[in-house]
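Working through the structure, step by step
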Amino acid sequence: MGRKVAIVATGQTKHTAKRLDVNIRELVTEAVSKALSDADLRIEDIDAVFIGNMEPFEGFMFPELWSVEGWGGYLKPSVKFNTGGTVGTTTVMGAYYYVAAGLYDNVLAIGFEKQSEGHTQAAITTVGDPIWERTMMAGAVGNFAVMASTYIHESGATPEQAAKVAVKARRNACNNEYAHLQMPDITVEEVMASQVLAHPIRKLDMCPQSDGAVALVISEESRAKKLARQPAWIRAVATAHEQQYMGDSPKRLAIMRSQIAASQKVYKAVGITNPIKELDVAEIYEVATYAEMAMYENLGFCERGRGGKLIDEGTTAMDGELPVNPSGGVLSTNPIGATAMIRVAEAALQVMGKADKRQLPKVRTALATGYGGNAWTDALILGAS
Amino acid sequence: MAGIVPDQLDVAEISARYAHEELLYGEALGLWKRSDVSSVSQSKNGAGQRVKVNPSGGAISGNPTTVAGLTRTAEVYLQLSGRAGEHQVKDATHGLAHGAAGLCGQSQMVIVMRRGDA
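Heads up: these notes are all about the structure in this document. (Residues numbered from 1 in each chain as written. Chains lettered and ligands numbered in written order. Predicted model: local features only at pLDDT ≥ 70, side-chain atom pairs only at ≥ 80, totals over all residues. Heavy atoms only, no water.)

The helix and strand tally for chain A stands at 16 helices and 11 strands. Here the C-alpha radius of gyration of chain A, 19 Å, is about what a compact globule of 385 residues would show, namely 21 Å. With the principal axes as the frame, chain A shows a C-alpha extent of 55 × 45 × 40 Å. Across chain A, the centroid of the 38 positively charged side chains sits 3 Å from that of the 43 negatively charged ones. (Helix = DSSP H or I, 4+ residues; strand = E, 2+ residues; numbered from the N terminus. Rg over C-alpha atoms; globule rule 2.2 N^0.38 Å. Lys, Arg positive; Asp, Glu negative; His and termini not counted. Charge placed at Lys NZ, Arg CZ, Asp CG, Glu CD.)

If you want it as structure tokens, here you go:
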């Protein structure tokens, strides 16, 4: 498996709908500066930089080329990642592989998106099959509406259960200074009365579009122990893809085979057999409320068809058996190229005991996921040892 | 890193999409000096230089953009394994594959390869 590797520092911007006060270079600089100062490092101490972004969403090529001074890549080895919803987790995994292999000792992993400069939904629409899918699954909302319909059909989940997911996310976000949507007074009734975007998805069932950036310092064992009081050790990583075409399997969107494959692989790698008991926290890539419930089932948190019950019983609330997304999750914050890395950063903060007002007691083992299109999943297990 | 000097290279596949880029990148890669550019540009495959540059025809002869760097790498592999067919460089044991991105070549990658028995 190579050398032991850990996340030793994190930095995030305050995520919001439009950061008109900064350009991309300045936005990324904010996150990178925070991460470096968190580890008391200077950019000269960094051997290589791994950067994630989905440039179709900004609508122009190579934003990382002309923002290089902002992310510290000048004349350093660097690799860019561009894998859709999973870009943030894939970037972390790429950085992990290089450090584990012994090529670099201290590296930066960065994710950013400035969606206010482009048209994300137009770009996402091109993901679908041009004949059969694009016209009825425009944008992320169209895709996840089909997913939600399938999940409701398979599981019997209700709009009220979905609304409870939205309430959990936006209230948790109030404890996260970086979160985009903080709604302390949100109610189930308000979610269920919000505008229908594409049946059954209502406005408050869906994630926002955000501008934001995140950066992590990732180090090999001896450096990690010096740089952080409690490093967040990367214990296992996995990625899995399945076919994107939706017409082949009617249940495919509810039974996310890539979620099952990637999560089972990391569980097996660290010896987890009962994730709801053995994980202390999960930061998952839930793009819509219904998706979170489907993911509970596919990540093995409960039996099939019981995702809604987990929400009803409060199992995934802050005081539940397995808190899911104490940060507020994707439903509260979604700068896409950064979003999956924010899951890793938040899981790391929990392990490091630095999650501030959203800190859970005694986090030893954490799961972070990324999800792309409706077809591919990254999963990582972070640990206190 | 690889512990070799440019003079040891038998073959170099350079990601040059424009004629001037091959001259510019070859110089930056240490394959020739600026003062030699004129003679290099008038010779076939850098005659007078030991290293043969872009025997495949290079990106300037075929350029599916994001594939160019990987094609260069595959071509050097074919050369070092003696399977480059009619464009085989005789007894090639050391090769360099190069990739570039950005309209002015802001991002550069270099891979140096050696035949297993060399």
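Turning next to the sheet that holds strand 9 (residues 281–283) of chain A. Sheet strands associate in pairs through backbone hydrogen bonding, adopting either a parallel or an antiparallel arrangement. Residues and elements named next belong to chain A. Sheet architecture is open: 9 strands sit in the order 3-2-4-7-1-8-11-10-9, paired in mixed fashion. In this open sheet, the two strands that pair with only one neighbour each are strand 3 (78–81) and strand 9. Strand after strand, the sheet turns through a mean of 25° between neighbouring axes, direction not considered. Relative to strand 4 (residues 106–114), strand 2 (residues 48–52) is paired through 5 bridges, and the arrangement is parallel. What sits directly across from Phe50, in strand 4, is Ala109. Where helix 11 (residues 257–270) meets the sheet, it contacts strand 8 (232–241), strand 10 (365–372) and strand 11 (376–383), and its direction lies at approximately 145° from that of strand 8. (Pairing = 2+ DSSP bridges. Axes fitted to C-alpha atoms, helices over the stretch in contact; angles between N-to-C directions. Contact = heavy atoms within 4.5 Å.)

Quick look at the pattern of salt bridges now. Residues and elements named next belong to chain A. Tallied over the full model, the rule gives 25 salt bridges over all chains. Put simply, Glu69 and Arg25 hold a salt bridge, and the shortest N to O gap is 3.4 Å. One end of the pair, Glu69, is in helix 4 (residues 68–71); the other, Arg25, is in helix 1 (residues 24–38), and 44 residues separate them in sequence. Since its relative accessible area comes to 54%, Glu69 is described here as exposed. Among the ionic contacts, a cluster of salt bridges with common partners joins Arg3, Asp105, Glu220 and Arg223. (Salt bridge = Lys/Arg side-chain N within 4 Å of Asp/Glu carboxyl O. Buried < 20%, exposed > 50% of the residue type's maximum accessible area, 1.4 Å probe, protein only.)

Glancing now at the nonpolar core. Core analysis: the largest hydrophobic core is formed by 123 residues, its most contacted members being A:Ile218, A:Phe301 and A:Leu367. Looking at this core element by element, the count peaks at 11 residues for helix 16 (residues 336–352) of chain A. Among residues more than four places away in sequence, those in contact with A:Ile218 are A:Val5, A:Ala6, A:Ile7, A:Val92, A:Ala95, A:Val99, A:Asp105, A:Asn106, A:Val107, A:Ala109 and A:Ile234. Among the nonpolar cores identified, the runner-up in size contains 14 residues, and B:Ala12, B:Ile14, B:Tyr25 and B:Val40 belong to it. (Core = buried A, V, L, I, M, F, W, Y, C linked by side-chain atoms within 4.5 Å.)

Next up on the list: helix 8 (residues 159–172) of chain A. Each turn of an α-helix holds 3.6 residues, which means side chains three or four residues apart point in the same direction. Residue and element names in this part refer to chain A. For helix 8, built from 14 residues, the straight-helix expectation of 20 Å at 1.5 Å per residue is met to within 8% by its first-to-last C-alpha distance of 20 Å. The element helix 8 is extensively covered by neighbouring structure, given that 10 of its 14 residues are classed as buried. Buried within helix 8 we find Gln161, Ala162, Ala163, Val165, Ala166, Val167, Lys168, Ala169, Arg170 and Asn172. (Expected span 1.5 Å × (residues − 1).)

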